[in-house]
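Each chain, written out:
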Amino acid sequence: MNLFYNLGMVEIICLKSKFMHGVMEQNTYVLLKGKFALIIDAGADLEDVKKVVGNKKVLGVFMTHLHFDHFWYLDEYLEEFDTSVYVVEGYENKFEDSELNGSVLVRQKIERNISKKRIKYYAKNLKLENFDIEVINTPGHTEDCVCLLIENKLFTGDTIFADCIGRIDLKDSSKEQMIESLENLKTIDFSIALPGHYESATKEQIIKTIGFYL
Ligand SMILES: [Zn+2]
């Protein structure tokens with residue numbers, strides 16, 4: 001089921017992925033504001049994303065981290081919308097490394113050849129047309145995890161969900177870093193958390209969930 005959030009100036013549409021028969025249902029978000037659109041992660045079918053984007057200009061695809069379920073259709077998006085992908089510098093090799101991108105865990109070899117000219121690196125703050133994006137590094141689930149704060153909404157990827165945190169038993173996970181990242185998230189001001197899987201959460205729910213782990 002796709003969810004629609006109408007939160008002030010920006011419209012946020014959550015599209016659920018369908019690959020692998022929806023087993024790993026992933027949330028891809030499309031943000032619409034004025035003539036522009038942003039996409040967060042790339043797990044939803046291109047056709048579903050196209051319907052939502054319409055004739056708006058896509059300013060970029062913003063990765064919360066480079067696990068295969070989050071970049072499944074990235075190459076198709078970049079081609080269709082003629083846009084760039086934003087990643088944490090130094091981790092782009094994960095697109096082509098099925099061990100690091102987690103796909104070996106589901107007995108698949110998901111590797112994507114993303115053109116270097118399409119790749120841009122995150123800065124702490126990005127201003128793209130009418131969008132202000134604050135990039136918060138939250139390593140733990142993986143080294144390259146970020147949360148994105150846009151218009152007071154926090155896109156948390158696989159760092160934290162409504163009722164639990166992301167796995168920290170993977171190849172480049174770190175429990176220590178996760179604890180630091182969770183401490184940091186407690187200090188961030190936001191109205192709603194929109195994670196990479198499952199449902200959205202209020203800040204109160206997120207604080208409660210963090211409390212289980214600290
Ligand atoms: Zn992940």
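The structure under discussion appears in the preceding block.
So, a few notes on the structure that sits alongside this text. (Residues numbered from 1 in each chain as written. Predicted model: local features only at pLDDT ≥ 70, side-chain atom pairs only at ≥ 80, totals over all residues. Heavy atoms only, no water.)

Take the packing of aromatic side chains next. Summed over all chains, the structure comprises 11 aromatic pairs. Consider the rings of Phe19 and Trp72, whose centres lie 4.1 Å apart with planes at 0 degrees: the pair is stacked. You can see Phe19 sitting in the loop between strand E2 (10-16) and strand E3 (27-33) and its partner Trp72 sitting in the loop between helix H2 (68-71) and helix H3 (74-81), a full 53 residues away along the chain. Pair check on accessibility: Phe19 and Trp72 agree, each one buried. Taken together, the ring pairs connect Phe19, Phe68, Trp72 and Tyr73 into an aromatic cluster. Positioned above the aromatic ring of Trp72 is the side chain of Arg112, whose terminal nitrogen or guanidinium carbon lies 5.8 Å from the ring centre. (Phe/Tyr/Trp six-rings, centres within 6.5 Å; stacked < 30°, edge-to-face > 60°. Helix = DSSP H or I, 4+ residues; strand = E, 2+ residues; numbered from the N terminus. Buried < 20%, exposed > 50% of the residue type's maximum accessible area, 1.4 Å probe, protein only. Lys NZ or Arg CZ within 6 Å of the ring centre and 35° of its normal.)

This part is about the pairing of strand E4 (residues 36-40). When you tally the buried positions in E4, you get 5 out of 5 residues, the bulk of the element. On E4, burial covers both faces: Phe36, Leu38 and Ile40 on one face and Ala37 and Ile39 on the other are all buried. Relative to E4, E3 is paired through 5 bridges, and the arrangement is antiparallel. Residue pairing for E4: Lys33 is matched across the bridge by Phe36. In sequence, E3 turns back onto E4 through a hairpin of 2 residues, with Gly34 there showing a positive phi of about 55 degrees. (Pairing = 2+ DSSP bridges.)

His65 (NE2), His67 (ND1), His141 (NE2) and Asp158 (OD) make up the full set of protein donors to the zinc ion, lying at 2.1 to 2.3 Å. In this structure, the zinc ion is coordinated by 4 donor atoms arranged in irregular fashion, with angles at the metal of 92 to 167 degrees. In primary sequence terms, the donor set of the zinc ion follows H-x1-H-x73-H-x16-D. (Donors = N, O, S within 2.8 Å, 3.2 Å for Na, K, Ca; no water. Tetrahedral: all angles 85-135°; square planar, octahedral: opposite > 155°, others 65-115°.)

Let's shift gears to the state of the cysteines. All chains considered together, the criterion is met by 0 disulfides. Note on Cys145: no disulfide assigned, nearest cysteine sulfur contributed by Cys147 at a separation of 7.7 Å. (Disulfide = S-S within 2.5 Å.)

What the rule picks out here adds up to 14 salt bridges. Across the pair Glu111 and Lys109 runs a salt bridge whose closest N-O atoms are separated by 3.5 Å. Residue classification places Glu111 among the partly exposed positions, given a relative accessible area of 35%. Looking at Lys109, the relative accessible area reads 63%, which means it is exposed. (Salt bridge = Lys/Arg side-chain N within 4 Å of Asp/Glu carboxyl O.)

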